[in-house]
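Listed below, chain by chain, are the residues.
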Amino acid sequence: MNIIIREANINDLNNLTVLKQQVWISTYATEGLIDEFSSYVLSEYSLDNVKKSIQNKDITTLVALCDDCLIGCVEILKTPQKPIKSAYPSIEISTFYILEKFQGQGIGKQLLSECFNQIKQLGYQQVWLTVYYKNQNAIDFYAKQYFKHIGETNFILGEEKHKNYIMLKDI
Ligand SMILES: CC(C)(COP(=O)(O)OP(=O)(O)OC[C@H]1O[C@@H](n2cnc3c(N)ncnc32)[C@H](O)[C@@H]1OP(=O)(O)O)[C@@H](O)C(=O)NCCC(=O)NCCS
């Protein structure tokens, strides 16, 4: 497989929007669609919002391509934040999505490695993220990349709170 990793640009807009919507649904709507899920996906990952995220100077969106086709993405949120009170300010990665058919083939690991390079270039030695506590595949993937559970937070969707683990790694 010929994988290229590069920064997203505005020409990726349609593919990136569909990728985010598709992977979100395939990951979280495991029992089918409910209005909260569909509303969230249609608003959070609207063309307009994805365009804003590509153009946002505080975010680097990396995309993975296989033979010129988009198969994955991840966002580096470049404004450092403390993931928990006792932690140092560090960089968060978010929206880490590999198209379902391409999962488990080493592409996530390659994208993560490029994130680590870019975060080190920004002058930081730690990276953190949040992951839904029932997303065991992703939790196992992150554990294998030596991320450690350091706390918990809630992701609010409609009226519901969804527990997320906060994970941190030294790079
Ligand atoms: C989580 C995700 C980004 C991982 O990317 P991926 O391309 O599927 O993972 P890779 O194939 O690069 O896996 C890299 C390593 O992790 C291991 N790994 C991957 N999934 C694993 C799992 N469920 N359990 C244990 N190990 C796992 C692989 O075996 C591989 O190990 P190796 O380096 O020893 O060979 C991807 O599966 C995905 O997009 N999932 C759906 C969306 C999602 O949950 N995103 C995260 C939101 S926080």
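For the structure itself, look to the data block above.
Conventions used here
- Residues numbered from 1 in each chain as written.
- Predicted model: local features only at pLDDT ≥ 70, side-chain atom pairs only at ≥ 80, totals over all residues.
- Helix = DSSP H or I, 4+ residues; strand = E, 2+ residues; numbered from the N terminus.
- Buried ≥ 20, exposed ≤ 12 C-beta atoms within 10 Å, placed from the backbone.
- Near = placed C-beta within 6 Å.
- Nonpolar A, V, L, I, M, F, W, Y, C, P; charged D, E, K, R; others polar.
- Pairing = 2+ DSSP bridges.
- Axes fitted to C-alpha atoms, helices over the stretch in contact; angles between N-to-C directions.
- Contact = placed C-beta atoms within 7 Å.

Draft legend 1. Here's a closer look at the overall build of the chain. Summing up its helical and strand segments, the chain has five helices and seven strands in all. If you line up the chain on its principal axes, its C-alpha atoms span 40 × 40 × 30 Å. Burial statistics for the chain: of 171 residues in total, 25% are counted as buried.

Draft legend 2. Structural context of the site of the ligand. Of all residues adjacent to the ligand, which total 19 residues, the nearest are Ile98, Gln103, Gly108, Lys109 and Asp140. Looking at the shell around the ligand, the elements that each hand over two or more residues are helix H1 (13-28), strand E4 (90-98), helix H4 (107-121) and helix H5 (136-144). Per-element accounting of the shell around the ligand gives the leading share, five residues, to H5. Here the residues of the shell around the ligand are counted per class, giving eight nonpolar, eight polar and three charged.

Draft legend 3. How the structure looks around the sheet that holds strand E7 (residues 160-170). Within the open sheet, the seven strands sit side by side as E1-E2-E3-E4-E5-E7-E6. Their pairing is mixed. The open sheet has two free edges, formed respectively by strand E1 (3-7) and strand E6 (148-157), since each of these has just one partner strand. Across the sheet, the mean angle from the axis of one strand to that of its neighbour is 25°, orientation sign disregarded. Where strand E3 (residues 69-81) meets E4, six bridges bridge the pair, whose relative direction is antiparallel. Paired with glycine 72 across the strands is isoleucine 98, a residue of E4. On top of the sheet, H4 reaches E1, strand E2 (59-66), E3, E4 and strand E5 (126-132); it is set at about 30° to E3, its chief contact.

Draft legend 4. Highlighting the environment of isoleucine 139. Examined against the element boundaries, isoleucine 139 turns out to sit in helix H5. Isoleucine 139 sits in the partly exposed class, given 17 other C-beta atoms within 10 Å. Residues in contact with isoleucine 139, not counting those within four places in the same chain, are Val131 and Tyr165.

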